[in-house]
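# Notes for the structure review
Take a look at the letters that make up each chain.
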Amino acid sequence: MLEVTPVLIATPILAYTYRGFPLTPLLYSLIALHAVVLIFGGMDTYARVPLGFWIQHVFDLSRNPYDKIGHFMQGLVPALAAREILLRRGYLSSRAMAGFLCVCVAMAISACYELVEWWSALALGQGADEFLGTQGDPWDTQSDMFMALIGATLGTVGLACWHDRQIARLEKPIAAAVR
């Protein structure tokens with residue numbers, strides 16, 4: 001249940017804000033993909049997701065890396081959501097500053113999530129290893145945050161032009177309605 005809680009929180013918020021502040025198709029698609037990653041991880045545990053075993057086999061890894069996909073998405077999606085809000089609401093005009101701050105927002109979310117995982121592990125006791133999915137990796141927390149950093153950075157740099165075009169298309173009807 002803990003793994004799918006973000007989906008259960010985000011879905012009603014997205015439904016409620018759809019008319020007043022619709023997001024770009026890119027962002028909705030990435031949110032949906034992130035939800036799928038979380039749901040598959042929550043069906044059993046991230047360390048047992050079949051896609052992760054396939055990746056582990058193909059790349060000859062020592063562990064199932066499915067949780068790293070989740071942490072990559074945990075950086076990518078919040079960074080682009082923050083970027084869209086900051087730019088569309090006019091809080092920032094500089095694309096470079098928006099990119100920097102959006103990576104910072106994603107990293108803050110990632111750090112908070114790691115703290116929630118830690119607190120949950122303390123509360124769960126014996127069930128902590130299953131929930132955390134560290135698979136014996138003492139650097140799991142750091143590598144999780146690094147994957148979020150990669151996701152946030154690639155999203156804000158690599159998808160910026162596509163995102164900007166979709167934001168511009170979304171803003172044109174709003175600007176025309178104001179006249």
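Residue numbering note: each chain is counted from 1, following its sequence as written. The model is predicted, so local features are restricted to residues of pLDDT at least 70 and side-chain atom pairs to those at 80 or more, both for listing and for counting; the totals for chains, interfaces and linings are taken over all residues. With hydrogens and water set aside, each side-chain value is computed from the structure's full complement of heavy atoms.

## Description of the pattern of salt bridges
The salt bridge definition used is simple: a Lys or Arg side-chain nitrogen within 4 Å of an Asp or Glu carboxyl oxygen. On inspection of all chains with the given rule, the structure shows nine salt bridges. Arginine 83 is the partner of aspartate 164 in a salt bridge, and the nearest nitrogen-oxygen pair spans 2.8 Å. Of the two residues, aspartate 164 is situated in helix H8 (residues 160-178) and arginine 83 in helix H4 (residues 66-88); the sequence distance between them amounts to 81 residues. Think of it in three bands: with a 1.4 Å probe and only protein chains considered, a residue is buried below 20% of the maximum accessible area for its type, exposed above 50%, and partly exposed in between. Arginine 83 gets classed as buried once you look at its relative accessible area, which sits at 2%. Two residues, glutamate 84 and arginine 88, come together in a salt bridge whose shortest N-O distance is 3.2 Å. Of this pair, glutamate 84 and arginine 88 are both found in helix H4, four residues apart, which corresponds to roughly one turn of the helix. Helix numbering and strand numbering both begin at the N terminus, where a helix is a DSSP run of H or I of at least 4 residues and a strand a DSSP run of E of at least 2.

## A closer look at the environment of leucine 87
You can see leucine 87 is positioned in helix H4. Look at leucine 87 and you get buried, because its relative accessible area is 11%. Residues leucine 87 and aspartate 164 lie 77 residues apart in sequence; the distance between their C-alpha atoms is 9.2 Å.

## A look at the side chain of glutamine 74
In this structure, glutamine 74 sits in helix H4. Assessed through its relative accessible area of 9%, glutamine 74 is described here as buried. Two N or O atoms form a polar contact when they lie within 3.5 Å of each other; inside protein one atom must be a possible hydrogen donor and the other a possible acceptor, and for residues adjacent in sequence the pair counts only when both atoms belong to side chains. Polar contacts involving the side chain of glutamine 74 include one to the side chain of serine 110, which spans 3.3 Å. Contacts between residues were defined by any pair of non-hydrogen atoms, one from each residue, lying within 4.5 Å. When neighbours within four sequence positions are excluded, glutamine 74 is seen to be in contact with His34, Ser110, Tyr113 and Ala148.

## Observations concerning the confidence of the model for the protein
For the protein, the average pLDDT comes to 87, and 88% of its residues sit at 70 or higher. pLDDT is a per-residue confidence score from the predictor, ranging from 0 to 100. Averaged pLDDT values over the elements of the protein bottom out at 55 in helix H6 (residues 128-132) and peak at 95 in H4.

## Side note on a nonpolar patch on the surface
A patch consists of residues whose relative accessible area exceeds 30% and which take part in no salt bridge; residues with like charges are grouped when within 9 Å of each other, and nonpolar side chains (Val, Leu, Ile, Met, Phe, Trp, Tyr) when within 5 Å. Reported accessibility uses the Shrake-Rupley method at a 1.4 Å probe radius. Residues are deemed covered only where the shown protein chains occlude them. A cluster of nonpolar residues, Leu51, Trp54, Val58, Phe59 and Leu61, forms a patch on the protein surface that exposes about 520 Å² of accessible area. Its place among the elements puts tryptophan 54 in helix H3 (residues 50-58).

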